[in-house]
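Examining the three-dimensional arrangement
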Amino acid sequence: MQILFIHNNFPAQFRGLAGELAQSPDNRVVAIGCETAQELPGVELLRYRMPFFHVAQTHPFARRLDIEGRRATEVLFALSELRASGFVPDLIVGHCGWGETLPVRACFPEAKIAIYCEFYYRPEGQDVHFDPEDPQFGVDGLITLHCKNASTLLSLVEADLGLSPTQWQKQTYPKEFHSKIQVVHEGVDGERLRPDPNARFELPGGRVLHRGDEIVTFIARNLEPMRGYHIFMRALPEILAARPNAQVVLIGGDDVSYGAAPEAGKSWKSIYLDEVADRLDLSRVHFLPQQPYDRFVQLLQTTTVHVYLTFPFVLSWSMVEAMALGCVIVGSETAPVREVIADGVNGLLTPFHDPAALAEKVTRILASPGDYAALGAAARETALSRYDRKDCLREARRILGLAPPAAPAPPAPAAAPERPAFIVRRSRGAPDATPAAEDAE
């Protein structure tokens, strides 16, 4: 088969599926992504570059669609080059959140198209207006929010099917499309992600944390309100006061992945740290930037309690990975987390907006970790039974109508020349002046 993946940050959610399909010599697997896309063995990667442009003259309701249309144009150029080279995909799998899948049906009308349905924006019941500290949208803001779904809906109408990683994320979409969307998680590597009683993690200053120390962890792509960073920071003074030997490690960047940006010149990290800094022993609070994956795993293998908080929004990969590692998790009592964690069964749930309740649960676990070890074991069992990568890939193949992977063949006497790992393609047209700000999915 000839298979095409489209994701600006490839491989992202498609790492497992694209990697497995590329292992078969009978498949030719190609991917399109922007400059941040990464290579994957066996996959030919075409990178495009977004041009600079102004959106000030675009109507506010249509600014996101304007950006997505420009991105779709870059993807269109890449699709045209593929067609000219003789590549005609049997299957196209793409993320619909950035406009990249808008041109695929017109370019390849006979292809089977599956789009990744990650999230559908709504004014109530999800992330918007969930936190009373967030600004309230006016009518114009609600219309703008609704218009953010435009390219997603256009892509979903033309697709043969959709893929959504969780039941809750699927139900954010209009009911009219539910029959078209199948639920399959990208999965976690249960063989690689294992508890390690001898785990250790070295902090930048040289201090080494060991499994058995009192360790609290909090991890997010960026430290921001959408992932409950402000709630966690407000709980820390009570946690550190109650547990004088506890060490707290936070991993995350200073940028904004989701939600509103902070005041100019500040970061959400600094805003909420400053709010409680005079009540913290900062020698026991360790802020780390995003870490290599092996370091991420090592930290979670040492932790006593891992805190995961989120608005009703996309469920983070890190939460399911922490479960696979057997972490004892205190998670927010929000819909995405409740789909995976049952309170008192495979973790503890806590009201999102209640720092005192969070602190009480964390200190209770730190005081008597043996009493809660069964929660970590049950969390790992949940991850392996529902989200193991091999099972998820098998289900994805079934949904997409792909045959199971063939048994490994004996080594060939002589290796055929490898296809190029990637192709870098420059953007067409002269750039304007300033880069457009884009929402991160």
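The structure presented is a predicted model; accordingly, all values stated were derived computationally and were not measured.

Regarding its fold elements, the protein chain presents 14 helices and 16 strands. Computed over C-alpha atoms, the radius of gyration of the protein chain comes to 23 Å, within 12% of the 22 Å expected from 2.2 N^0.38 for 441 residues, which places it in the range of a compact globule. The C-alpha extent of the protein chain, read off along each of the three principal axes, is 65 × 60 × 45 Å. By the burial criterion, 53% of the 441 residues in the protein chain qualify as buried. Counting 44 positive and 55 negative side-chain charges, the protein chain places the centres of these two groups 3 Å from one another.

Here the focus is the sheet that holds strand S13 (residues 305–308). The strand order across the open sheet formed by six strands is S12-S11-S10-S13-S14-S15, and the pairing between neighbours is parallel. The open sheet terminates on both sides in strands that have one partner only, identified here as strand S12 (285–288) and strand S15 (348–350). Each neighbouring strand pair of the sheet contributes to a mean axis angle of 20 degrees, computed without reference to strand direction. Where strand S10 (residues 215–222) meets strand S11 (residues 247–253), six bridges bridge the pair, whose relative direction is parallel. Among the inter-strand pairings, Ile215 is bridged to a residue of S11, identified as Gln247. Packing against the sheet, helix H7 (residues 229–242) makes contact with S10, S11, S12 and S13, and its axis sits at approximately 165 degrees to S11.

Bringing the environment of Ala235 into the picture now. Topologically, Ala235 is positioned in helix H7. In contact with Ala235, not counting residues within four places along its chain, are Pro355, Leu358 and Ala359.

Summary statistics for the protein chain give a mean pLDDT of 92 and a share of 92% for residues scoring 70 or more. Residue range residues 415–441 is modelled with pLDDT below 50. Its contacts to residues more than four positions away, or to other chains, number 62 contacts.

Moving on, we get to unusual backbone geometry. In this model, Phe10 is joined to Pro11 through a cis peptide bond whose omega is 10 degrees. Within the secondary structure, Pro11 is located in the loop between strand S1 (2–6) and helix H1 (15–22). Positive phi, normally seen in glycine, also occurs at Ala12, with a value near 45 degrees. Topologically, Ala12 is positioned in the loop between S1 and H1. Accessibility expressed as a relative area gives 18% for Ala12, which makes it buried.

Thresholds, definitions, all that
- Residues numbered from 1 in each chain as written.
- Predicted model: local features only at pLDDT ≥ 70, side-chain atom pairs only at ≥ 80, totals over all residues.
- Heavy atoms only, no water.
- Helix = DSSP H or I, 4+ residues; strand = E, 2+ residues; numbered from the N terminus.
- Rg over C-alpha atoms; globule rule 2.2 N^0.38 Å.
- Buried < 20%, exposed > 50% of the residue type's maximum accessible area, 1.4 Å probe, protein only.
- Lys, Arg positive; Asp, Glu negative; His and termini not counted.
- Charge placed at Lys NZ, Arg CZ, Asp CG, Glu CD.
- Pairing = 2+ DSSP bridges.
- Axes fitted to C-alpha atoms, helices over the stretch in contact; angles between N-to-C directions.
- Contact = heavy atoms within 4.5 Å.
- pLDDT = per-residue confidence, 0-100.

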